[in-house]
Amino acid sequence: MTGIAEVSVGAAMTCAGAAVWLMGGPGAGTRRVRLVCADDDAPGIGPWPWKRAVRTGERLRGLHRTRGEWWALLAGVAVGLLGASVVPVVLGAVAVPMVRRARRAGAARRAGERRTAAVIALCGALAGEIRAGRQPGEALLGACRDTGGLGDAQALVLAAARFGGDVPGALTEAAGRPGAEGLLGLAACWRVAVDRGAGLAAGLDRLEGALRAERDQRADLRAQLAGARSTAVLLAGLPVLGLVLGTALGADPLHVVLHTGAGLGCLAVGGVLEGVGLWWALRIVRGAEAG
């Protein structure tokens with residue numbers, strides 16, 4: 001029994017390591033393999049084995065980027081096979097929409113950060129175009145083409161700038177997307193410059209500096225809170241480590257947890273407390289970031 005348990009633990013750890021490697025981006029090792037395998041395949045022989053392995057890894061990483069939430073179900077199936085129970089499979093299926101929601105939230109946050117950086121670049125480019133002697137409308141057209149800081153609403157703003165429309169109104173509408181709030185300041189600078197004849201370049205410089213300082217402050221706060229977030233996630237993973245260690249010692253904790261009434265009760269109560277604790281800790285961190 002001990003030998004079977006050790007083999008099961010070894011297989012589970014191998015699968016976990018492979019999943020972690022596949023979910024990670026292409027590192028230096030992958031780049032070296034690509035350089036080594038850069039030659040064309042020999043005619044009549046087909047791709048080399050390591051080339052085939054690299055291509056398979058690339059396909060799996062692409063699958064993770066598009067449908068990464070299904071790894072939760074695969075993990076549930078693996079644990080269910082090890083523990084001879086359907087409970088982990090059900091839990092993995094339940095976790096799929098939760099992981100999908102977390103992935104979408106992360107993607108939206110990263111898109112907002114890219115949009116913020118694009119707005120800052122747009123302000124700098126627009127100030128440079130105006131100092132070069134171009135009119136505001138022409139300068140906005142050139143800056144938008146160079147930076148793409150307006151995203152999906154760029155066509156509307158460019159049409160307003162090209163045909164003498166309501167540029168501040170178009171900028172205000174474009175500022176409604178997450179990360180593009182700085183366009184409200186650009187719209188205000190545009191109104192002041194048009195209505196009162198104030199220097200638009202000077203206002204854009206101040207706006208760019210303020211947006212850049214705000215972004216840096218947000219990044220610094222996120223870096224300070226990264227330790228707290230990592231600690232919460234690490235503590236949430238300790239029960240899994242306990243199960244692995246128990247299996248390695250031959251105690252067969254999966255059988256106790258999945259095939260006894262007391263074990264199922266502990267699994268239910270522990271899962272609820274684990275989820276509530278993780279949600280509470282991450283909510284505190286998000287609240288500090290928002291503040």
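Notes on the structure follow. Per chain, residues are indexed from 1 in the order of the written sequence. pLDDT decides what is reported in this predicted model: residues at 70 or higher carry local features, side-chain atom pairs at 80 or more are listed and counted, and totals for whole chains, interfaces and linings draw on all residues regardless. As a convention, hydrogens and water are excluded, and side-chain values are obtained from all of the structure's heavy atoms.

Observations concerning the overall build of the chain
Item 1. For the chain, the helix and strand inventory stands at 13 helices and 0 strands.
Item 2. Each helix corresponds to a stretch of at least 4 residues labelled H or I by DSSP, and each strand to a stretch of at least 2 residues labelled E; elements are numbered beginning at the N terminus. Tracing the chain from N to C terminus, the helices and strands come up as α-α-α-α-α-α-α-α-α-α-α-α-α.
Item 3. Residues counted as buried form 27% of the 291 residues belonging to the chain.
Item 4. Throughout, a contact is declared for two residues whenever any of their heavy atoms are within 4.5 Å. Taking the contacts inside the chain whose residues are at least 6 apart along the sequence as the reference set, 55% of them involve residues at least 24 apart.
Item 5. Under the convention used here, a 1.4 Å probe and the Shrake-Rupley method define accessible areas, while residue burial counts only the protein chains that appear. Accessible surface, the chain as shown: approximately 17700 Å² in total, 66% of it carbon and sulfur. Throughout this description, buried means an accessible area under 20% of the type-specific maximum (1.4 Å probe, protein chains only), exposed means over 50%, and partly exposed covers the range between.

Quick notes on unusual backbone geometry
Item 1. For Ala-84, which is not a glycine, the phi torsion comes out positive at approximately 55 degrees.
Item 2. Inspection of the secondary structure assignment puts Ala-84 in the loop between helix H4 (70-83) and helix H5 (87-131).
Item 3. In this structure, Asp-252 takes a positive phi of about 55 degrees despite not being glycine.
Item 4. Mapped onto the elements of the fold, Asp-252 is located in the loop between helix H11 (238-248) and helix H12 (253-259).

Overview of the pattern of salt bridges
Item 1. By definition here, a salt bridge exists when the distance from a side-chain nitrogen of Lys or Arg to a carboxyl oxygen of Asp or Glu is within 4 Å. Tallied over the full model, the rule gives 9 salt bridges.
Item 2. For Glu-113, the salt bridge identified is with Arg-109, shortest N-O distance 3.1 Å. Of this pair, Glu-113 and Arg-109 both sit in helix H5, separated by 4 residues, roughly a single helical turn.
Item 3. The class for Arg-109 is partly exposed, based on a relative accessible area of 40%.

Here's the deal with the packing of aromatic side chains
Item 1. Pairing of aromatic rings covers Phe, Tyr and Trp, the last through its six-membered ring, and needs centres within 6.5 Å; plane angles under 30 degrees mean stacked, over 60 mean edge-to-face, and all others mean tilted. Going through the model one piece at a time under the given rule, you end up with 1 aromatic pair.
Item 2. Ring centres of Trp-279 and Trp-280 lie 6.4 Å apart, and the angle between their planes is 90 degrees; on these two criteria the pair is classed as edge-to-face.
Item 3. We classify Trp-279 as partly exposed; its relative accessible area is 47%.

Here we look at the side chain of Glu-69
Item 1. As for its position among the elements, Glu-69 is in the loop between helix H3 (49-67) and H4.
Item 2. With residues near it in sequence (within four places) discarded, Glu-69 still touches Val-96, Val-99, Arg-100 and Arg-103.

Examining the nonpolar core
Item 1. Leu-126, Leu-140, Leu-183 and Leu-186 are the most contacted members of the largest nonpolar core, which totals 33 residues.
Item 2. Of all elements in the fold, only H5, helix H6 (136-147), helix H7 (154-162), helix H8 (167-174), helix H9 (182-196) and helix H10 (200-236) reach the threshold of two or more residues within this core.
Item 3. Beyond its immediate chain neighbours, meaning those up to four positions away, Leu-126 contacts Pro-136, Ala-139, Leu-140, Ala-143, Leu-186, Trp-190 and Leu-204. Each nonpolar core is a collection of buried residues, namely Ala, Val, Leu, Ile, Met, Phe, Trp, Tyr and Cys, held together in the definition by side-chain atoms within 4.5 Å.

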